[in-house]
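In case you want the letters, here they are:
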Amino acid sequence: MCAKSVNNFQFLSGSGEMATLTRKKDWSGTPVGPIETWPQSLRTTIGIILSSKFPMFLWWGPELTCFYNDAYRPSLGQQDKHPSILGMPAKEAWPEIWDTISPLINQVLAGGEATWSADQLIPIYRNGRLEDVYWTFSYSPVNDENGKVAGVLVICNETTEAVANRRKLEESERRFRNIVKQAPLGITILQGKDFIPLMANDTYLQLVDKREEDFVGRPLFQSLPEVRDVVEPLLNGVLDTGTPFYATELPVILNRYGKKEAASFNLVYHPYREDGGTVEGIIVVATEVTESVKARHKLTESEMQFRSMVMQSPIPMTIFRGPDHVIEMANTAMFEKIWRKKESEIIGRRALDVFPELVEQKYPELLRKVLTTGKAHQELESAAIVAGNDGVKKFYLDFEYAPLFESDGSVSGIMITVNDVTERVAARNRIKENEERLAVIIEDSELGTWELDMLTQEVVLSERGLKILGTDGKPAMRSELLQHLHPDDLEVRAEAFRKAMETGRLYYESRFLWNDGSEHWVESKGKMLYDNAGKPVKMIGTVRDVTEQKSFARELERQVQQRTTELEKMNAELKSFAYVSSHDLQEPLRKIQTFISRILEREEQNLSDSGKDSFRRIQSAAKRMQTLIEDLLTYSRTNTAERRFETADINKLLAQVKTDMHEEILNSGAVIHAGDLLQIETIPFQFKQMLHNLIGNSIKFAIEGVTPHITISARIALGSSLAIPQLAHDKKYYHLSVKDNGIGFDMQYRDKIFEVFQRLHGKSEYKGTGIGLAIVKKIVENHAGIITAAGEPDKGATFDIYIPI
Amino acid sequence: MKREISNVLLADDDEDDRMLFAEAVAELPLNLKFTTVNDGEALMRFLVQCNGALPCVLFMDLNMPRKNGFECLKEIKRHEHLKQLSVVIYSTSYETGIVDQLRQEGAQYYLRKPSQFEQLKQVIYDTLTQIEKSDGVAPTSENFVIYS
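Residues numbered from 1 in each chain as written. Chains lettered and ligands numbered in written order. Predicted model: local features only at pLDDT ≥ 70, side-chain atom pairs only at ≥ 80, totals over all residues.

## Observations regarding the overall build of chain B
Reasoning step 1: Per the secondary structure count, chain B includes six helices and six strands.
Reasoning step 2: Scanning chain B from its N terminus toward the C terminus, one meets helices and strands in the order β-α-β-α-β-α-β-α-β-α-α-β.
Reasoning step 3: Scored against the burial criterion, the 148 residues of chain B give a buried share of 34%.
Reasoning step 4: Look at the contacts in chain B between residues 6 or more apart in sequence, and 68% of them connect residues 24 or more apart. (Helix = DSSP H or I, 4+ residues; strand = E, 2+ residues; numbered from the N terminus. Buried ≥ 20, exposed ≤ 12 C-beta atoms within 10 Å, placed from the backbone. Contact = placed C-beta atoms within 7 Å.)

## Side note on the overall build of chain A
Reasoning step 1: Looking only at helices and strands, chain A has 25 helices and 29 strands in total.
Reasoning step 2: Across chain A, every contact between residues at least 6 apart in sequence was considered, and the portion connecting residues at least 24 apart equals 53%.

## What to know about the interface of chain B and chain A
Reasoning step 1: Between chain B and chain A, the residue contacts involve 13 residues of the former and 13 residues of the latter.
Reasoning step 2: Every element with two or more residues in the side of chain B that touches chain A is listed here: α1 (15-27) and α5 (117-134) of chain B.
Reasoning step 3: Here the side of chain B that touches chain A gets three residues from one element, more than from any other, and that element is α5(B).
Reasoning step 4: When grouped by side-chain class, the residues that make up the side of chain B that touches chain A number three nonpolar, six polar and four charged. (Nonpolar A, V, L, I, M, F, W, Y, C, P; charged D, E, K, R; others polar.)

## With respect to the packing of α1(B) against α5(B)
Residue and element names in this part refer to chain B.
Reasoning step 1: Two elements in contact, α1 and α5, have axes whose closest approach is 9 Å; the angle formed by their N-to-C orientations is 65 degrees. Considering how the two elements wind past one another, α1 and α5 form a crossing that is right-handed. For the pair α1 and α5, the contacting residues are L20, A24, V25 and E27 in the first and F117, L120, K121 and I124 in the second.
Reasoning step 2: Residue composition of the contact of α1 with α5, grouped by class: six nonpolar, no polar and two charged. (Axes fitted to C-alpha atoms, helices over the stretch in contact; angles between N-to-C directions. Left-handed = near helix turned anticlockwise from the far one by under 90°.)

## Here's the deal with the nonpolar core
Reasoning step 1: Within the largest apolar cluster, 41 residues are counted, with the highest numbers of intra-cluster contacts made by A:L691, A:L694, A:V776, A:F799 and A:I801.
Reasoning step 2: The set of elements that each furnish at least two residues to this core consists of α21 (609-640), α22 (650-660), α24 (684-700), β26 (709-718), β27 (732-740), α25 (772-782), β28 (786-792) and β29 (796-804) of chain A.
Reasoning step 3: Beyond its immediate chain neighbours, meaning those up to four positions away, A:F799 contacts A:L694, A:V738, A:I787 and A:A789.
Reasoning step 4: Residues B:L43, B:I76, B:I89 and B:F117 belong to the second largest nonpolar core, which totals 36 residues. (Core = buried A, V, L, I, M, F, W, Y, C linked by C-beta atoms within 7 Å.)

## Some words on helix α16 (residues 422-444) of chain A
All names here are of chain A.
Reasoning step 1: Here α16 is 23 residues long and its end C-alpha atoms lie 32 Å apart, about the 33 Å a rise of 1.5 Å per residue gives.
Reasoning step 2: Burial runs low along α16: only zero of the 23 residues are buried.
Reasoning step 3: Looking one or two residues past α16, E446 carries a phi angle of roughly 60 degrees, positive in sign. (Expected span 1.5 Å × (residues − 1).)

## Regarding unusual backbone geometry
Reasoning step 1: With phi around 55 degrees, A:R340 is a residue other than glycine that occupies positive phi space.
Reasoning step 2: Here A:R340 lies in the loop between α12 (332-339) and α13 (343-346).

## Side note on the sheet that holds strand β6 (residues 145-147) of chain B
Residue and element names in this part refer to chain B.
Reasoning step 1: Ordered by their spatial adjacency, six strands build an open sheet running β2-β1-β3-β4-β5-β6, and the pairing between neighbours is parallel. Among the strands making up the open sheet, the edge pair consists of β2 (33-37) and β6. Ignoring strand direction, the axes of neighbouring strands in this sheet form an average angle of 20 degrees.
Reasoning step 2: For strand β1 (residues 7-11) and β2, the ladder comprises five bridges, and the chain directions are parallel. Counted as the bridge partner of L10 is T36 from β2. (Pairing = 2+ DSSP bridges.)

## What about the environment of B:T36?
All names here are of chain B.
Reasoning step 1: Summarising the element assignment, T36 is placed in strand β2.
Reasoning step 2: Using a count of 19 C-beta atoms within 10 Å as the deciding quantity, one classes T36 as partly exposed.
Reasoning step 3: Between the C-alpha atoms of T36 and F21, which are 15 residues apart in sequence, the distance is 9.7 Å.
Reasoning step 4: If we ignore the near neighbours within four places in the chain, the residues touching T36 are L10, D12 and R18.

## As for the sheet that holds strand β12 (residues 279-288) of chain A
What holds strands together in a sheet is hydrogen bonding between their backbones, with the strands either parallel or antiparallel.
Residues and elements named next belong to chain A.
Reasoning step 1: Spatially, the five strands line up as an open sheet ordered β9-β8-β12-β11-β10, and their pairing is antiparallel. The open sheet terminates on both sides in strands that have one partner only, identified here as β9 (196-200) and β10 (245-256). Neighbour to neighbour, the strand axes of the sheet diverge by 35 degrees on average, direction disregarded.
Reasoning step 2: Of the pairings in the sheet, the one linking strand β8 (residues 186-191) to β12 comprises six bridges and is antiparallel in character. In the sheet register, I187 faces β12, and the bridge partner there is V285.

## Notes on the pairing of strand β5 (residues 109-112) of chain B
Residue and element names in this part refer to chain B.
Reasoning step 1: With burial as the criterion, each face of β5 is covered, one bearing Y109 and L111 and the other bearing Y110 and R112.
Reasoning step 2: With four bridges joining them, strand β4 (residues 86-91) and β5 adopt parallel strand pairing. The residue of β5 that forms the bridge with Y90 is L111.
Reasoning step 3: Here β5 pairs with β6 via two bridges, running parallel. In the strand pairing of β6, L111 is matched with Y147.

## Points about the confidence of the model for chain A
Reasoning step 1: With 94% of its residues at a pLDDT of 70 or more, chain A has an overall mean of 85.
Reasoning step 2: In the model of chain A, helix α1 (residues 2-7) of chain A stands out as the element of lowest mean pLDDT, 42, in contrast to β27(A), which has the highest, 95. (pLDDT = per-residue confidence, 0-100.)

## What about helix α3 (residues 69-78) of chain B?
All names here are of chain B.
Reasoning step 1: For α3, the full list of buried residues reads G69, C72, L73 and I76. Angularly, the buried residues of α3 cover 100 degrees about the axis, an arc narrow enough to put them on a single face. Relative to its buried face, α3 has exposed residues pointing more than 90 degrees away, namely K74 and R78. (Arc of directions from axis to C-beta.)

## Regarding the environment of A:A263
Residue and element names in this part refer to chain A.
Reasoning step 1: Its location among the elements puts A263 in strand β11 (residues 259-273).
Reasoning step 2: C-alpha separation for the pair A263 and L207, spaced 56 residues apart in sequence, amounts to 9.6 Å.
Reasoning step 3: Here A263 is in contact with V252, L254, E288 and T290, once residues within four sequence places are set aside.

## Quick look at the packing of α22(A) against α24(A)
Residue and element names in this part refer to chain A.
Reasoning step 1: At their nearest, the axes of α22 and α24 sit 9 Å apart, and the two run at 55 degrees to each other. One finds that α22 runs oblique with respect to α24. The hand of the α22/α24 crossing is right-handed. Every residue of α24 that contacts α22 at I650, L653, L654, Q656, V657 and D660 is listed here: P684, F687, K688, L691, H692 and I695.
Reasoning step 2: Classifying every residue of the contact of α22 with α24 by side-chain character gives eight nonpolar, two polar and two charged. (Parallel < 35°, antiparallel > 145°, perpendicular 65-115°, else oblique.)

Dropping the structure here:
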């Protein structure tokens, strides 16, 4: 029956899922009742719904029983509403949205207008997932046969794609606006003859220091009257011709940020056409370049300053350009100190052409590297050979090759800065050489060196120093070193250091005990070094093993001591000899003489002539012996006697001598001619002895029968004027001359006559002991003087004495 | 005021010299009391025992055993009563330094022993005459040595 009845309802004949479900459903338990009872209006409506491809839904009757078509079915999603809500009252089917939809439904039921909801988001499950779907839908009334509203038809239209497209459009417009708004370029669009800004982005507003609400919509030159003179003709030109205007670094005076200031802009005024027609306005794109213009100005300025700095710098500088190192410029210091060439020989030429000697050196390679890598190159104390006009010279240079960059980052040249440190290097080399030399000397001299830190008391010894102190050459602490010091010498050392604190110099000799038990004498010398405040900070010095010298010195000392003792003994013996000769020898002699004189007096009448003659001969011999003893004594005293110099008037001394020799002078009839003999520093008794002997000599060697004339003169003369080679030229001498008219002598004997016991004549001819002139010579020597004798046989002799004063 | 010399003392260890001196004095035309002592110690003993009756002049050898002339001179010149005594040094040797030293130490004259007897007589006479004339006043250094 059922199938039969179904087949009877044409409006449910569709083959869709919902047509089938609706047809097969048992509607008898629902408010609308079995299908046969359905009014025609319902049937018609359902027929439309089920055959429509638009999603449709129907609420029918007072209970609002639900119907829907296949197109609507996906809207029910995965919930278990489908197919259960078919035939269910709306309130039960949509409890979750009932409050929202019931007013709309009621409005429609109450005879109101159909509702319209556009682009509502109603996600549905389809294509295997939940999709956001936009719908435009309406609730429209469905009348029954009586013309009364019996149901609400919901017709839906999916607008997802339209919404998405619109959204995209909106998004892109929004993005564009944002881009324009946020563009780092100032952008504004000016419309019409009054150039009214339609919009202006933030950058532009910032450039002109205006707020959007003050700027947009007002004629441009009301907002910016200060730019009218510059800008208006340009804008008009664009409006009139329709050609864009481009300006770079256009200088404009702007009132902004509370002051008038000069600004520079890169500008584009582009005509703006509505729909490709006439020019409606101008798109303005502006970039402010004030800073970079300023910077470039500054750069130019600083470049000029730089050039002038280079030229005036006392440090040699030059600039090479290009791969051939063309010398672009160089300062005076470079020309004069390093290159020693004329400017005209160099500027504009290639460096390696001007200085071919560089090719052999490392510099071309370094230059090339700086050019290619763009990295600066510095070097210290680099040896360089440069051939200037005054010859080839070797320098030591601190130098820098600094790349010069173009604006595109390429290296176009090299700036070279040079500091001549030849002197410094030479000085250091000299010091180093000296140090090495010193090291060799120290090594050769077998000195050990040491350094003592006065603060920490740390001592550092050279290897040899350690060896000398007996530490087997192993480094040792100061306390360890002191353990090697001989205990008896601790005080000597301490005293030396005390003294060094005062004088700054250390010197002492002490014994060190080596590990092998041997004892070594060590000479320690040191010099204190002070800080700026005069505080001793360090002592440096040397040690030297002086054991050998020391033992040699001690041996020498012992020998000297021995010799001294021997000499003292000999001296004493000599003294006693002198005494013996003066006293013990003279005494018996004197007695012989005295007794002979007694005999000759008393016994004269008892003696024969020959006896008397014999006694006289004895007396004469005794007299000779007495003279001999006295002369010898005088000679030995002249050697040993104390030499006390005092100022003496030689005239007086001569007078005394003449008194002493009164008898001899008288007997010989000698005449003494004496000039002023002056005053000198002398040993008076010796000087007297000398005069005595010289006068005696002249009298003794007088020519028989000729009156002796003795001439004595004196003067002070400069050594250089005296023509005696032994005399010092710049010294003054007392020159005493004693001249006689005696027998003289042959000049070949002029030295011999001063020797002891040298006699030129027989005893019987001239009396004399041969000691007198030796004594004279000795005395002259005691006065640090010299004596010369000149003579000729029978023409007299002259003795010249020169005593330094 | 002149001083009459009446009493002469000789201190000398040499017998020959004592004899020669005695003979010389004896031959001089003077009335003299002449005494000799043989060494320094004897001399000092003698002088101390004199007790006020000192000789007028002492001729003294330097080189004497036991106590030499230098020591005796020092003692005499330091002694309260003896320092008035005129001391004449009578010696074989003659050495300037020693002569000066003796003069400074208070000797009145220096007399070197002559080698001729006649000379001896002469210098003794001269010395005594000088002392009488000098009246105790010390001679100048030039006159100190009477014979050398």
